[in-house]
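# Fold and contact review
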Amino acid sequence: MMTFAQDFKRAAARVTADLRHRGLIQRALKSYEVKRDEFKGRYQNWSEARQAASEIKWDAINHLDRYLAEFIAKLEARGTRVHVAGTGEQARDYIVMVAAENKVRTIIKSKSMTAEEIDLNEALEHAGCTVFESDLGEYIVQLRHEKPYHLVFPAMHLTRDEISDLFHRELGSEPTNSPEELTMIARRVMRQNYCRADMGISGANFAVAETGMISITENEGNARLTTSLPKIHVAILGIEKIVPQLEDLALFLPMLATAGAGQPLTCYNSLIGGPRQPGEVDGPEQFHVVLLDNRRTELLADAEQRDALHCIRCGACLNVCPIFKNVGGHSYGTTYQGPIGSVITPHLRGLQNWKHLSSASSLCGACTEACPVGIDLHHHLLQNRRNATKAVPLWWEKVAYGGFAFLMRRPFLYRLSGKLGSIFFPLHKLVNRGPLDPLRSWTGTREFPAPARESFQDYWKKKQKEERHGVS
Amino acid sequence: MAFPDQREEVFARIREALREPAPHRHADHSDHTAATEHSAPDEPPPGADTFRAWLPVVGPTLEEQIALFAQNAAQLKADFRAVASLDEAGLALANLARDNAWKKIATHRHPLASALAEKLGLPCLFTDPGYATANLESCDAAITGCDALIAQTGSVLVSSRSAGGRALSVLPPHHVVVAERSQMAPDLAAALRLARRKYAPDWPSFLSFITGPSRTGDIERILVLGAHGPKQLTILLVG
């Protein structure tokens, strides 16, 4: 069996060599960048806004017990059933139980990365339910039996022609190369599903402690329909989604839209605080909120990296990451891709199995700079590398660094090795890139720099000698 | 419905985890032009009053705010019209009904919305007494009230109480919002405060900021209007 690291390397090598794919991703992200900069430019002070957002999330996460208790109490007071799940399995079991008790057959779902994280669809399908993803991008990847490519743009790796072929094959629609017509095909299919679904499942972008409301951000209106029409609404969210005050959203909603999608504000930002209340004309009779831990408390316990729980899942760090742009979203093999995924996956799924992601980084810091809540992403990647090595040291690294230290402490040996290097390096040509090349992992993709013919020390000595001659 | 909940274990884990304090709360880690910290760790973080200084500029007068709203609405491809009177709004609506060949509309009991809907003389579904989803789905347009308009973003704040339920403002393909000039709020914080004064603590179960007609960019990041919600959004500002 291949390890996760081998899977990642193989997939990354394949995608990186696919120039068509890279072109598609980079074109899409370029148009995002232009829009993002345009709307960021309208802020009077983005950096202060970002600092405030970071402080609000700091307050929320570092007083999580208090705010979470307030959030739950407020929701329950208005007839919402709150379920706190320690693991993904417990969350799945609860939702499957709610579906079974209410004889649910058809489920309409709006986009939720937390549901992806716990493979909720598979569990519900196994229990005999039919699940329809209603977000256009999610629907497309669902029809392809694929995982979302990007946590905000799930189908950004596909062209309109591929989507047209998919719809033709799966839905029997006429082929078209118009994105508008393709969208209308999905709209027609989904309209029927909203009306006949017995249950709607959504995620949430924020959980407002003070008023006991979830906040859902979307552009298409599918989340609104999912949470309005079916008799039961289940929302699943991580415990870190908390913000203390309702008015905090006045900062987070525009920043999420600008950083995440290059929009001033997304089309619908909806707050839901309970099932249909007395005197209201519609809305679900039952509203369930499932709060998921699933090892988030382990990340919380790591004070150094606790700020990774500030994440609002905007995807800005993916969009600017040179690694993501080249290896693509699927290569990661994780629910959360890109820099934030590389930081949190080792905490959520085990450090030793996922430590390779910490090295899938150029440490350029573009992610940290892009993050609207100021998470120190690239330093966390370094910390994960350090922690992984501390826990399970690699013998060859110990030997290599031991040898290096030995050499560096002995100037004579150091100089000698430099000399030997420049003498023997020309022989490297004989094995260059071949199976016997000891430098193959480097030379496979780039030239190895030849050692200088003359060392700096020799050069300096010679130069000083010349100068002394010149002066005297 | 008895089902074991892990509330106690999860809260115990959270409290245990938080025993070690987090090191710092500064957003800019390497940037020399870093923003200043707004609050000490034991103070409350910055509140909504301070956001205004960092978010996009909004003029102080109502006229400036209406102009900004109109500019934002145009960018969002929403149809915004400031009309002098209810009669003028009725005229605008009649033109829309004719141009789009509406056959059936939906509305709710609301001083402006229902008055305008009834003037059209078309078959009209009221959501207030309850309705069948299929019946609402077959309507060509919905006419609703709202809680506020937001100048900074070109948004409309609706709730299950101000806009005839949850579905009326999202299911029909054309949504017409009727608002009064007094409902113009400069920004999101002001709109939320307005809603708080109107509802708290008895909040409606649903509130939504609507910012332009429904849209998607899921296919090659190309903008398409009318993904699942309304393809057209008309905002009539009366007065």
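Rules used throughout
Residues numbered from 1 in each chain as written. Chains lettered and ligands numbered in written order. Predicted model: local features only at pLDDT ≥ 70, side-chain atom pairs only at ≥ 80, totals over all residues. Heavy atoms only, no water. Helix = DSSP H or I, 4+ residues; strand = E, 2+ residues; numbered from the N terminus. Rg over C-alpha atoms; globule rule 2.2 N^0.38 Å. Buried < 20%, exposed > 50% of the residue type's maximum accessible area, 1.4 Å probe, protein only. Contact = heavy atoms within 4.5 Å. Areas by Shrake-Rupley, 256 points an atom, 1.4 Å probe, with all protein chains shown as cover. Buried area = accessible area lost by both parts, 1.4 Å probe. Salt bridge = Lys/Arg side-chain N within 4 Å of Asp/Glu carboxyl O. Polar contact = N/O pair within 3.5 Å; in protein donor to acceptor, adjacent residues only side chain to side chain. Nonpolar A, V, L, I, M, F, W, Y, C, P; charged D, E, K, R; others polar. Pairing = 2+ DSSP bridges. Axes fitted to C-alpha atoms, helices over the stretch in contact; angles between N-to-C directions. Lys, Arg positive; Asp, Glu negative; His and termini not counted. Phe/Tyr/Trp six-rings, centres within 6.5 Å; stacked < 30°, edge-to-face > 60°. Expected span 1.5 Å × (residues − 1). pLDDT = per-residue confidence, 0-100.

## Details of the overall build of chain B
Scanning chain B from terminus to terminus reveals seven helices and 12 strands. Relative to a compact globule of 239 residues, whose C-alpha radius of gyration would be 18 Å, chain B shows 22 Å and is clearly more extended. Reported as C-alpha extents along the three principal axes, the dimensions of chain B are approximately 65 × 55 × 45 Å. Across the 239 residues that make up chain B, the buried fraction comes to 56%. Across chain B, contacts joining residues at least 24 apart in sequence account for 67% of those joining residues at least 6 apart. Accessible surface, chain B: about 9,900 Å² in total, of which carbon and sulfur atoms supply 54%.

## Looking at the overall build of chain A
Counting its secondary structure elements, chain A contains 25 helices and 10 strands. Judged by the C-alpha coordinates and their principal axes, chain A covers about 100 × 55 × 45 Å. Counted over contacts in chain A with a minimum sequence separation of 6, partners at least 24 positions apart contribute 74%. Just so you have it, chain A exposes about 20,200 Å², and 56% of that area is on carbon and sulfur atoms.

## Some words on the interface of chain A and chain B
On the chain B side, the residues contacting the 119 residues of chain A number 92 residues. Between chain A and chain B, a total of about 9,000 Å² is buried, with carbon and sulfur atoms accounting for 59% of that surface. Counting across the chain A and chain B interface gives seven salt bridges. A:E247 is the partner of B:R196 in a salt bridge, and the nearest nitrogen-oxygen pair spans 2.7 Å. Linking chain A with chain B are 46 residue pairs in polar contact (both at pLDDT 80 or more), by the criterion used here. Tallied by class, residues from the side of chain A that touches chain B come to 55 nonpolar, 34 polar and 30 charged.

## Here's the deal with the sheet that holds strand β7 (residues 174-180) of chain B
Residue and element names in this part refer to chain B. The strand order across the open sheet built from six strands is β1-β12-β7-β4-β2-β3, with neighbouring strands paired in parallel fashion. In the strand order of this sheet, the two ends are held by β1 (79-83) and β3 (124-126), each with one partner. Taking the axes of each pair of neighbouring strands and ignoring which way they run, one obtains an average angle of 20° across the sheet. Note that strand β2 (residues 105-107) and strand β4 (residues 141-144) share three bridges and pair parallel. The residue of β4 that forms the bridge with T107 is I143.

## A closer look at the side chain of A:R187
One can find A:R187 in helix α10 (residues 179-196). Although A:R187 lies buried, it forms no salt bridge, and the closest oppositely charged side chain, B:E137, sits 6.5 Å away as judged by the N-O distance. Discounting chain neighbours no more than four positions away, the residues touching A:R187 are B:P173, B:G226, B:A227, B:H228, B:G229 and B:K231.

## Describing the sheet that holds strand β7 (residues 232-238) of chain A
Residues and elements named next belong to chain A. With parallel pairing, six strands are arranged side by side in an open sheet as β1-β10-β7-β4-β2-β3. Of all the strands in the sheet, just β1 (81-85) and β3 (130-133) have a single pairing partner and so form its edges. Each strand of the sheet is rotated relative to its neighbour by a mean of 20°, with strand direction disregarded. Relative to β7, strand β4 (residues 199-202) is paired through four bridges, and the arrangement is parallel. When the bridges of β7 are listed, I201 appears paired with V234. Across the sheet, helix α4 (residues 64-77) lies against β1 and β10 (286-292), angled at about 165° from β10, the strand it touches most.

## As for the packing of aromatic side chains
All names here are of chain A. In the structure shown here, the tally under the stated rule is 14 aromatic pairs over all chains. Here Y43 and W46 contribute two aromatic rings whose centre-to-centre distance is 4.9 Å and whose plane-to-plane angle is 80°, an arrangement assigned as edge-to-face. Taking the centre distance of 6.2 Å and the plane angle of 45° together, the rings of Y139 and F167 count as tilted. A residue pair is termed long-range when its members are at least 10 positions apart, and Y139 in helix α8 (residues 136-143) and F167 in helix α9 (residues 160-171) qualify at 28 residues. Residue classification places Y139 among the buried positions, given a relative accessible area of 4%.

## As for the pattern of salt bridges
Residue and element names in this part refer to chain A. The full count for this structure, using the stated rule, is 38 salt bridges over all chains. With a closest N to O distance of 3.9 Å, K419 and D458 form a salt bridge. On the criterion of sequence distance, the pair formed by K419 in helix α22 (residues 411-424) and D458 in helix α25 (residues 456-471) is long-range, its members being 39 residues apart. Residue classification places D458 among the partly exposed residues on the basis of a relative accessible area of 26%.

## A short note on the environment of A:H21
Residues and elements named next belong to chain A. Among the structural elements, H21 can be located in helix α2 (residues 19-40). The spatial distance from the C-alpha of H21 to the C-alpha of H157 is 7.1 Å, given a sequence separation of 136 residues. In this view, H21 contacts V15, Y149 and H157; residues no more than four positions away in its chain are not counted.

## Considerations on α10(A)
The terminal C-alpha atoms of α10(A) lie 26 Å apart, and with 18 residues this matches the ideal 26 Å at 1.5 Å per residue to within 8%. Residues A:P179, A:L182, A:T183, A:M184, A:I185, A:A186, A:R187, A:M190, A:R191, A:N193 and A:Y194 constitute the buried set of α10(A).

## Here we look at the confidence of the model for chain B
With 93% of its residues at a pLDDT of 70 or more, chain B shows a mean pLDDT of 93. Predicted confidence for residues 30-34 of chain B stays below pLDDT 50, and this span has two contacts to residues more than four positions away or in other chains.

## Looking at the pairing of strand β9 (residues 206-210) of chain B
Where burial is concerned, most of β9(B) is hidden: five out of the five residues are buried. Neither face of β9(B) is exposed, since B:F206, B:S208 and B:I210 on one face and B:L207 and B:F209 on the opposite face are all buried. For strand β9 (residues 268-272) of chain A and β9(B), the ladder comprises five bridges, and the chain directions are antiparallel. Each residue of the ladder has a partner; that of A:S270, found in β9(B), is B:S208. In the sheet, strand β6 (residues 155-159) of chain B pairs with β9(B) via four bridges, with the strands oriented antiparallel. By the bridge assignment, B:L157 is partnered in β9(B) with B:F209.

## As for the packing of α2(A) against helix α12 (residues 249-261) of chain A
Residues and elements named next belong to chain A. Interaxial distance between α2 and α12 falls to 8 Å at its minimum, and their mutual angle equals 150°. Residues Y32, R36, F39 and K40 of α2 form the contact with α12, whose participating residues are T258, A259, G260 and A261. Across the contact of α2 with α12, the residue classes break down as four nonpolar, two polar and two charged.

## Here we look at the environment of B:K119
Residues and elements named next belong to chain B. Within the secondary structure, K119 sits in helix α5 (residues 113-119). Exposure remark for K119: the relative accessible area of 46% places this residue in the partly exposed category. For K119, the contacting residues outside a window of four places in its chain are L86 and D87. A polar atom in the side chain of K119 sits 3.1 Å from the side chain of D87.

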